[in-house]
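Listed below are the residues making up each chain.
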Amino acid sequence: MHTRNASFQQWQALLTNRTKRNRTGEFLVHGVRPLRLALERAWPVQALLRPDRPLSDWAEDVWRSTPGQHAVLADELMAELGQKDDSVPELIAVLALPPDDLDRLLVDPALHDRSQPVPAAPLITVFDRPASPGNIGTLVRSVDAFGGTGVVVTGHAADPYDPRCVRASTGSMLTVPVVRVPSHAEVLAWVQQQAAGGLAAAGAGGAAPEPPARWAVLGLDEGGRAALRRTDLTGPTVLVVGNETRGLTRAWRDACDEVVSIPMVGAASSLNAAVAGSVVLHEALAQRLR
């Protein structure tokens, strides 16, 4: 393909047009690590694109073994889709968007594999109304690194499937369940369902089991009264990170059991939202490893 035909224009629109991504249910991914992760976790590949030149052994094997639509593009078209001025990606995959189903947070990140057990103590991070795709990607990367269960993006927010977010996550968008919901209400209703399910399971059977751990909803704010190191993060936890500029909404603040702050010294009055979330996630991992 050497012209900007209808197929190319559709793929090009996936780079900048959120409405087009949602309407077609597709987004673009390139890079060795993200593509490997996508294939390992059985993401549905709608199309696979390559330049009109020899590929590395790895890319050639992926090209030959991956089902779906295949297209060979001119170098300048591949560079445009890869958003690279100085290089041409070997492969670009058009992947199917997963459903925005909160139950995905408690299943194996291989999308449809429900054979894995539900984690005993989920650690779910909510990013409320984030404005920066890069911040979403950074936070998803930290959730992956520190053993989080998944990410929920609420409210009027940047799109997690924006290429800038996918790049910032360095592939973690493909290993961590990410779900978009309209507001806090859907998340809180879902958490109540999980807690009710745990209580029902605890009451079933013969011998009295130990009661299930209570779900904690914790906000993160520089003015929070709960000190991070004295906050128990070992049970089922929903960590809420607010908008980069405006912080937590009143609705989220009222819904939180506690609002946590991170101790700081120096002249900085606050941390980047994704960095602050990462600090708390690391503390959660440290507590859970102990």
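Looking at an unreviewed UniProt entry, one finds the protein chain named rRNA methyltransferase and attributed to Ornithinimicrobium cryptoxanthini.

A.B. asks: Honestly, the pairing of strand β3 (residues 69–73) in this entry has me stumped. Any pointers?
C.D. replies: Note on strand geometry: in a regular strand, side chains alternate between the two faces of the sheet. Where strand β2 (residues 45–51) and β3 come together, five bridges link them in parallel fashion. Paired with L48 across the bridge in β3 is H70. A crossover links β2 with its parallel partner β3, the connecting element being helix α4 (residues 57–65), and its sense is right-handed.

A.B. asks: I tried to follow the sheet that holds strand β8 (residues 216–220) on my own but got confused; where do I start?
C.D. replies: Sheet strands line up and pair through hydrogen bonds in the backbone, either parallel or antiparallel. The seven strands lie next to each other as β7-β6-β5-β10-β8-β11-β9, forming an open sheet whose pairing is parallel. Single-partner strands in this sheet number two, and they are β7 (178–181) and β9 (226–227). Inspection of the sheet shows strand β6 (residues 150–154) paired to β7 by four bridges, in the parallel sense. Bridge assignment links V153 to a residue of β7, and that residue is R180. Most of the contacts of helix α6 (residues 133–145) go to strand β5 (residues 123–128), to which it runs at about 170°, and overall it touches β5, β6, β7 and β10 (237–241). Each of β5, β8 and β10 touches helix α10 (residues 273–289); the most contacted strand, β10, lies at about 160° to it.

A.B. asks: What am I meant to see in the sheet that holds β3 here?
C.D. replies: In spatial order, the strands read β1-β4-β2-β3; together these four strands make up an open sheet with mixed pairing. Looking at the sheet topology across the chains shown, the edges are occupied by β1 (26–30) and β3. Taken over all neighbouring pairs, the strand axes of this sheet differ in orientation by 20° on average, direction set aside. Bridge count for β2 against strand β4 (residues 92–96) is four bridges, and the pairing is antiparallel. Paired with L48 across the two strands is A93, which belongs to β4. This element, helix α1 (residues 6–16), spans β1, β2, β3 and β4 of the sheet and lies at about 80° to β1. The strands that α4 touches are β2 and β3; relative to β2, the one it contacts most, it runs at about 140°.

A.B. asks: Explanation requested: the pattern of salt bridges in the structure shown.
C.D. replies: Pairing between side chains of opposite charge can happen when their charged atoms approach one another. Applying the stated criterion to the full structure yields 14 salt bridges. One salt bridge in this structure joins R4 and E80, with 2.4 Å as the shortest N-O distance. You can see R4 sitting in the segment before α1 and its partner E80 sitting in helix α5 (residues 75–82), a full 76 residues away along the chain. Of the residues examined, R4 reaches a relative accessible area of 46% and is grouped as partly exposed. By relative accessible area, which is 26% here, E80 ends up partly exposed. Across the pair D128 and R129 runs a salt bridge whose closest N-O atoms are separated by 2.8 Å. Note on R129: relative accessible area 16%, which makes it buried. Among the charged side chains, a network of salt bridges with common partners joins R21, D100, D159 and R180.

A.B. asks: Where do I start with the side chain of N135 in this structure?
C.D. replies: On the secondary structure map, N135 appears in helix α6. N135 sits in the buried class, given a relative accessible area of 12%. A distance of 3.2 Å separates polar atoms of two side chains, one belonging to N135 and the other to N272. In this structure, N135 is in contact with F127, E244, N272 and A274, ignoring residues within four places of it in sequence.

A.B. asks: Before we go on, may I ask you to explain the packing of α1 against α5 in this structure?
C.D. replies: Axis angle and axis distance: for two packed helices, these are the angle between their axes and the distance between the axes, and together they describe the pair. In contact at an axis separation of 9 Å, α1 and α5 are set at 25° when each is read in the N-to-C sense. As far as their axial angle goes, α5 and α1 are roughly parallel. Touching F8, W11, Q12 and L15 of α1 are L77, E80 and L81, all from α5. Residue composition of the contact of α1 with α5, by class: five nonpolar, one polar and one charged.

About the criteria used
Residues numbered from 1 in each chain as written. Predicted model: local features only at pLDDT ≥ 70, side-chain atom pairs only at ≥ 80, totals over all residues. Heavy atoms only, no water. Pairing = 2+ DSSP bridges. Helix = DSSP H or I, 4+ residues; strand = E, 2+ residues; numbered from the N terminus. Right-handed = clockwise from strand over helix to strand, strands pointing away. Contact = heavy atoms within 4.5 Å. Axes fitted to C-alpha atoms, helices over the stretch in contact; angles between N-to-C directions. Salt bridge = Lys/Arg side-chain N within 4 Å of Asp/Glu carboxyl O. Buried < 20%, exposed > 50% of the residue type's maximum accessible area, 1.4 Å probe, protein only. Polar contact = N/O pair within 3.5 Å; in protein donor to acceptor, adjacent residues only side chain to side chain. Parallel < 35°, antiparallel > 145°, perpendicular 65-115°, else oblique. Nonpolar A, V, L, I, M, F, W, Y, C, P; charged D, E, K, R; others polar.

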